[in-house]
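Summary of the model geometry
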Amino acid sequence: MNNLFKGLIAGYGAYKLGGGCLGTILVFVVIFLLLGQCS
C-alpha cells in the first residue's frame, strides 16, 4: 500500500473520528501507523 493511499485513508478516519485539532492529528498518526503495520 503506497503512502498516498494510506494518507487518504488516515485523513478520512481522522476527519470522522477526531474531535479537535490535536485529536485529529493524533488519530491520523495512529491510523497511518496501523496501516503501515498491516502491509
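Residues numbered from 1 in each chain as written. Predicted model: local features only at pLDDT ≥ 70, side-chain atom pairs only at ≥ 80, totals over all residues. Heavy atoms only, no water.

**Some details on the environment of L26**
Secondary-structure assignment places L26 in helix α2 (residues 21–38). When its relative accessible area of 56% is taken as the criterion, L26 is described as exposed. Residues L26 and Q37, spaced 11 residues apart in sequence, show a C-alpha to C-alpha distance of 17 Å. (Helix = DSSP H or I, 4+ residues; strand = E, 2+ residues; numbered from the N terminus. Buried < 20%, exposed > 50% of the residue type's maximum accessible area, 1.4 Å probe, protein only.)

**Section: the UniProt feature "transmembrane region" (unreviewed entry) in the protein**
In the UniProt entry, the feature "transmembrane region" (unreviewed entry) is given for residues 12–35. Annotated as 88% helix and 0% strand, the span residues 12–35 places its first and last C-alpha atoms 13 Å apart. (UniProt positions renumbered as here; feature names shortened; annotations may be inferred.)

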